[in-house]
Amino acid sequence: MSNDYWNQQQNGHNPTEHNAKPGSGSLLHDYRQKQRNEQGFPHYPPASSMPLTPGPSQESPMPIQGSPVQGQQPQIWPPAQSWPSGNKVQPLPQSRPQEHGWVANTMQTVRRWSGRMSAVPPVDQNPLVLYHPPTSPTPLPKAARWKRSRSVRVAMMMKHRRSRWQQARPRVGKIVSIIMIVVLGVLVLSTFSASAYAYKYYQDQLPRLQGLANQQIEQTTRIYDRNGLLLYEAYSIGRRTPVEYRYIPQVMQDAQTSAEDPTFWTNSGVDPVGIVRAATQYAQKGAVQSGGSTITQQLIKNLTNDTAVTINRKIPEAALAIGLTQQYSKAKILEMYFNLSAYGAQNLGVEAAVEDYFHLSQQCDKNFKCTPGIYYLSCLDAAHELQCNPSNCATSKYCSPILGLARASLLAGMPQDPPTYDPTFGFIDQTTGQKYYLERQQYVLEQMLKYQVLVPGLGTITPDMAHQVEAMTAKMQFPKYTHAYYHGDEHFVNWVISQLVALLGETFFTGGFNIRTTIDSNLEAYVEQAVHRHLDKSEQQYFGYGYGPLNTVNDVNDAAVVVMDAHTGEVLAMDGSANYNSKDPKVQGNFNAALAPRQPGSTIKPIVYAAAFQQGWYPGMVVPDFKTYFPKGDGSSNALNAYIPNDYQNQYSNTNTTVRNAIADSRNVPAVKASLFAGLGNVINLAQRFGINTLNPQKDSNVSFALGTSGIPLEQMVGAYQVFANQGTRVPPRNVLDIWDNYGRQLYHFDPTHPGGTQVISPQIAFMMTSILSDEVARKSEFWPDHDLSFWGPVGYADSPNAGYPNVAAKTGTTSDFKDNWTIGYTSEAVVGVWAGNANDEPMQNVIGITGAAPIWHSVMTYISGMCDTSYDNIPCGKMDLVLKPKTFTAPSGVIQYCTSPANGLGTGSNCDWMLNGEQPGSAGYVGGTNTPIVTPTP
């Protein structure tokens with residue numbers, strides 16, 4: 001407020017500017033000074049006088065006015081003078097002159113104020129007569145200084161203070177303005193600096209954000225049989241299968257956002273209101289039901305695996321959440337959240353959770369294009385999953401919207417504390433006595449009620465619906481998930497895993513592969529039953545060994561079986577033990593005997609003879625079978641150090657025999673002679689080309705090799721026989737047909753129509769061996785009346801070939817210490833190998849290949865060939881998805897049947913057999929024990 005306005009209010013007049021020089025501002029002083037000047041008297045102010053008027057910067061007191069004398073005209077007194085007021089010249093207020101007692105009144109007032117009048121000489125009280133001091137030469141006494149009273153000083157101090165305040169107002173306002181400008185500048189600078197820092201921080205975090213968004217999350221790898229049956233799930237930390245957003249039902253989305261982030265669809269990635277709400281909940285209850293972090297922030301936390309509650313985590317988490325929201329749609333962020341969040345102790349991602357808790361498995365076509373289980377959240381029965389989907393949820397008899405709501409509200413509560421809310425654990429709140437997962441579900445339903453969620457097929461959720469859901473969930477059963485194999489396929493699955501881990505490393509467990517293998521689970525189930533049937537049950541044991549059972553009478557407790565496609569090398573079945581779960585040391589259930597090196601016995605002989613056939617031998621060639629001393633190669637000439645092989649029960653035929661009969665009857669001396677003729681190095685080299693990689697040329701090059709004394713796994717022996725069945729072409733054993741990732745992209749495919757392979761021996765040599773191994777007549781002298789090695793009618797009764805049955809080739813083997821018992825054989829389409837014995841190498845009792853492994857082999861071979869006979873085997877055939885019907889073995893071009901003399905191998909005679917065309921013998925062999933050759937012209 002200006003002084004002008006103040007003066008105007010005090011005087012009641014509008015101030016006007018005046019050009020006159022302002023006076024002193026003291027009415028009494030100005031009047032006396034004027035009188036003295038006119039009369040020539042010097043001015044002597046009162047000794048104790050003090051101006052009563054303020055200075056230019058002080059407020060002016062209100063002038064004292066009297067009433068006019070009645071009957072007189074009012075006069076202006078004193079004359080108009082200037083009144084100082086701030087920077088303007090103000091005229092003095094006009095008023096009538098005072099009464100004659102003006103001075104007296106003034107003096108009386110002064111007396112009342114100070115009580116000190118002794119220094120003031122007597123004054124004439126006549127107001128019209130001015131006081132004239134006497135003209136005495138004596139100087140007047142010096143008056144004492146007048147001192148104001150305390151009340152006056154206080155009043156003046158207050159007056160001056162008010163004046164200073166008024167003068168300071170413009171200065172304070174200026175200072176405040178300056179301060180505000182400075183503060184505003186600091187704020188602008190700080191905001192700019194913060195914005196620049198935030199932008200730089202965001203730019204620094206952008207590569208990390210892109211890396212997080214594009215990183216390969218850990219996913220479950222699944223192994224299937226050839227028909228799409230799930231055999232096993234492999235994972236590193238927890239089960240996870242990613243799903244696309246379009247498959248996640250709306251009720252699941254709404255339940256999740258209601259529970260964790262109600263503003264998800266509108267916020268920028270962070271929610272300040274949610275942070276305040278979470279802090280309030282924590283302050284009130286000591287726990288947070290709805291966290292301050294948005295779904296996007298939780299996603300960042302899951303991507304970074306950083307769970308520390310610190311400002312160092314929250315700041316970059318918020319920045320990354322905002323950046324993620326700017327770069328990706330809300331639908332994509334929610335999809336990522338559903339795939340990364342934990343829904344229980346072992347389930348990472350919502351798809352693993354619905355598989356575990358509700359048994360809703362994904363449905364895949366033959367090309368592994370899958371519809372995830374979460375899509376069928378409202379399905380009533382797993383058997384009707386394909387008929388229940390969100391589009392017909394309101395009308396389909398297989399769908400229940402209220403069930404879908406129950407499942408969704410249960411799942412939506414788990415990410416907040418996965419182990420606590422895992423329903424398979426059933427943890428109970430000790431305070432309320434209620435299960436934690438049910439309490440959490442109630443909260444989710446309350447949130448859905450609060451936000452009036454619309455449930456497909458039900459409408460807007462109501463309290464009655466929520467109560468119905470709670471009652472339904474309380475009755476649900478959640479058996480604990482077990483990490484188990486599909487029964488019977490354990491050994492095969494582990495074999496596949498070991499090979500893929502060798503190729504892929506740890507990626508196998510985290511890459512989310514869907515692997516379709518070669519195994520047929522129905523065939524595998526039959527193989528398991530065949531092993532159990534022939535080892536554990538009584539049956540006729542030929543050669544005078546009674547009726548068994550083998551595991552009790554003959555101490556045969558374990559067995560392994562491998563079934564392979566003859567043309568593609570696909571392993572169709574693999575049983576590594578008699579019982580995978582057995583702890584018996586003679587079984588060692590989880591030990592895969594099909595992959596363990598065992599002595600193959602006589603089953604190695606076909607490979608030995610194949611090496612001899614490549615160097616001129618043939619099936620009809622005559623070979624002496626007498627007791628023979630073979631040097632061991634140590635340089636010793638002592639016969640006691642020689643190797644003297646014998647046949648079963650230390651017998652010799654002591655005759656000349658053909659190669660055909662020597663192989664069919666499993667004669668040992670001719671086999672050793674064949675290996676020495678071909679050269680042990682050549683035999684081992686050929687065995688390696690057949691796929692046997694466990695042989696060592698230095699260690700295994702001994703004369704006993706031809707009798708199967710070197711350890712070879714059953715799987716490799718079956719692969720070697722595949723060469724004979726496939727006309728000399730080796731196709732490596734295969735156990736994987738296709739590999740897809742979890743997004744339906746095919747990464748690998750094996751084309752069975754183009755299996756590839758390597759020609760190891762000629763088709764002609766392969767056929768000559770097949771003709772021997774499939775010759776039941778040639779085996780008759782050794783194995784009659786048992787016909788488990790053929791398809792001829794009822795066992796023990798057929799004495800001659802039956803044209804109604806196809807050809808099957810087979811070879812048995814038994815080691816000299818009776819620790820290993822084998823039967824391996826093939827048709828034109830399939831190869832089957834069986835090993836029987838004890839896992840701890842304990843010898844069997846009174847059993848050979850034809851009585852131990854052959855019965856199992858026969859049952860499996862008839863099944864894969866489409867001739868399963870339950871009446872004979874007493875083994876249920878079950879479902880037969882895979883049947884490889886055999887064809888008759890046919891001779892390729894390049895081989896002929898040629899008849900020779902059994903006496904010397906020349907000329908025409910009764911010994912007719914297959915040989916390579918153009919390799920007919922041109923010289924005689926040795927007859928009897930003489931060394932005299934008999935030469936006959938070549939026909």
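A few points on the structure. (Residues numbered from 1 in each chain as written. Predicted model: local features only at pLDDT ≥ 70, side-chain atom pairs only at ≥ 80, totals over all residues. Heavy atoms only, no water.)

Remarks on the state of the cysteines
Turning to step 1, where the next piece is worked out: One pass over the structure, following the stated rule, counts three disulfides.
Turning to step 2, where the next piece is worked out: Put simply, Cys-868 and Cys-877 are joined by a disulfide, and their sulfur atoms are 1.8 Å apart. Residues Cys-868 and Cys-877 are joined through a disulfide that is left-handed, its torsion about the S-S bond being -95 degrees.
Turning to step 3, where the next piece is worked out: Looking at Cys-868, the relative accessible area reads 19%, which means it is buried.
Turning to step 4, where the next piece is worked out: Here Cys-899 is linked by a disulfide to Cys-912, with a sulfur-sulfur distance of 1.7 Å. A torsion of 110 degrees about the S-S bond marks the disulfide between Cys-899 and Cys-912 as right-handed. Here Cys-899, found in strand S21 (residues 895-900), pairs with Cys-912, found in strand S22 (residues 911-916); they are 13 residues apart in sequence, far enough to count as distant. (Disulfide = S-S within 2.5 Å. Buried < 20%, exposed > 50% of the residue type's maximum accessible area, 1.4 Å probe, protein only. Helix = DSSP H or I, 4+ residues; strand = E, 2+ residues; numbered from the N terminus.)

Describing the pattern of salt bridges
Turning to step 1, where the next piece is worked out: Summed over all chains, the structure comprises 21 salt bridges.
Turning to step 2, where the next piece is worked out: In this structure, Arg-222 and Glu-355 form a salt bridge, with 2.8 Å as the shortest nitrogen-oxygen distance. Here Arg-222, found in strand S3 (residues 221-224), pairs with Glu-355, found in helix H10 (residues 350-358); they are 133 residues apart in sequence, far enough to count as distant. Accessibility assignment for this pair places Arg-222 and Glu-355 in one class, buried.
Turning to step 3, where the next piece is worked out: The shortest N-O distance in the salt bridge between Arg-516 and Asp-738 comes to 2.7 Å. On the criterion of sequence distance, the pair formed by Arg-516 in strand S9 (residues 513-517) and Asp-738 in strand S15 (residues 736-741) is long-range, its members being 222 residues apart.
Turning to step 4, where the next piece is worked out: Several salt bridges share partner residues, and in doing so they unite Arg-222, Glu-233, Arg-239 and Glu-355 into one network. (Salt bridge = Lys/Arg side-chain N within 4 Å of Asp/Glu carboxyl O.)

Quick look at the sheet that holds strand S16 (residues 746-749)
Turning to step 1, where the next piece is worked out: Pairing is mixed in the open sheet, where five strands are placed in the order S4-S3-S9-S15-S16. Only two strands of the sheet have a single neighbouring strand rather than two, namely strand S4 (230-234) and S16. The mean inter-strand angle of the sheet, taken between neighbouring strand axes irrespective of direction, is 15 degrees.
Turning to step 2, where the next piece is worked out: The sheet contact formed by S9 and S15 spans five bridges and is antiparallel. Bridge pairing links Arg-516 to Asp-738 in S15. (Pairing = 2+ DSSP bridges. Axes fitted to C-alpha atoms, helices over the stretch in contact; angles between N-to-C directions.)

Brief notes about the packing of helix H11 (residues 401-412) against helix H12 (residues 436-450)
Turning to step 1, where the next piece is worked out: Contact geometry for H11 and H12: axes closest at 8 Å, N-to-C directions at 110 degrees. Taken as axis vectors, H11 and H12 run roughly perpendicular relative to one another. In contact with Leu-405, Ala-406, Ser-409, Leu-410 and Ala-412 of H11, H12 contributes Tyr-437, Gln-441, Val-444, Leu-445 and Met-448.
Turning to step 2, where the next piece is worked out: Of the residues in the contact of H11 with H12, the class split is eight nonpolar, two polar and no charged. (Parallel < 35°, antiparallel > 145°, perpendicular 65-115°, else oblique. Contact = heavy atoms within 4.5 Å. Nonpolar A, V, L, I, M, F, W, Y, C, P; charged D, E, K, R; others polar.)

Regarding the packing of H10 against H11
Helix-helix packing: each pair is described by the crossing angle between the helix axes and the interaxial distance.
Turning to step 1, where the next piece is worked out: The contact between H10 and H11 brings their axes to 11 Å, and the two run at 120 degrees. Between H10 and H11, the angle falls in the class oblique. The crossing of H10 and H11 is right-handed. Contacts between H10 and H11 pair Val-350, Ala-353, Val-354, Tyr-357 and Phe-358 from the former with Arg-407, Leu-410 and Leu-411 from the latter.
Turning to step 2, where the next piece is worked out: Here the contact of H10 with H11 is composed, by residue class, of seven nonpolar, no polar and one charged. (Left-handed = near helix turned anticlockwise from the far one by under 90°.)

Notes on the sheet that holds strand S20 (residues 830-837)
Turning to step 1, where the next piece is worked out: Taking strand neighbours across the sheet as the criterion, the five strands line up as S11-S10-S20-S19-S18 in an open arrangement whose pairing is antiparallel. Of all the strands in the sheet, the pair left with one neighbour each is strand S11 (571-575) and strand S18 (809-814). With strand direction ignored, the average angle separating the axes of adjacent strands in the sheet is 10 degrees.
Turning to step 2, where the next piece is worked out: With six bridges joining them, S18 and strand S19 (residues 820-826) adopt antiparallel strand pairing. Within S19, the residue paired with Gly-813 across the bridge is Trp-822.
Turning to step 3, where the next piece is worked out: Together, strand S10 (558-565) and S11 form the strand contacts of helix H16 (residues 521-536), whose direction differs from that of S11 by roughly 35 degrees.

Section: the packing of aromatic side chains
Turning to step 1, where the next piece is worked out: Under the defined criterion, the tally for this structure stands at 19 aromatic pairs.
Turning to step 2, where the next piece is worked out: Seen from their ring centres, Tyr-357 and Phe-358 are 6.3 Å apart, and the 70 degrees between their planes marks the pair as edge-to-face.
Turning to step 3, where the next piece is worked out: Owing to a relative accessible area of 8%, Phe-358 belongs among the buried residues under this scheme.
Turning to step 4, where the next piece is worked out: Ring geometry for Phe-508 and Phe-509: centres 5.0 Å apart, planes at 85 degrees, overall edge-to-face.
Turning to step 5, where the next piece is worked out: Exposure remark for Phe-508: the relative accessible area of 0% places this residue in the buried category.
Turning to step 6, where the next piece is worked out: Its relative accessible area of 22% is what places Phe-509 among the partly exposed residues.
Turning to step 7, where the next piece is worked out: Taken together through their ring pairs, the aromatic side chains of Phe-690, Tyr-721, Phe-724, Tyr-826 and Phe-889 make up a single cluster.
Turning to step 8, where the next piece is worked out: Of note, Lys-330 hangs over the ring of Phe-264, and the distance from its end group to the ring centre comes to 4.6 Å. (Phe/Tyr/Trp six-rings, centres within 6.5 Å; stacked < 30°, edge-to-face > 60°. Lys NZ or Arg CZ within 6 Å of the ring centre and 35° of its normal.)

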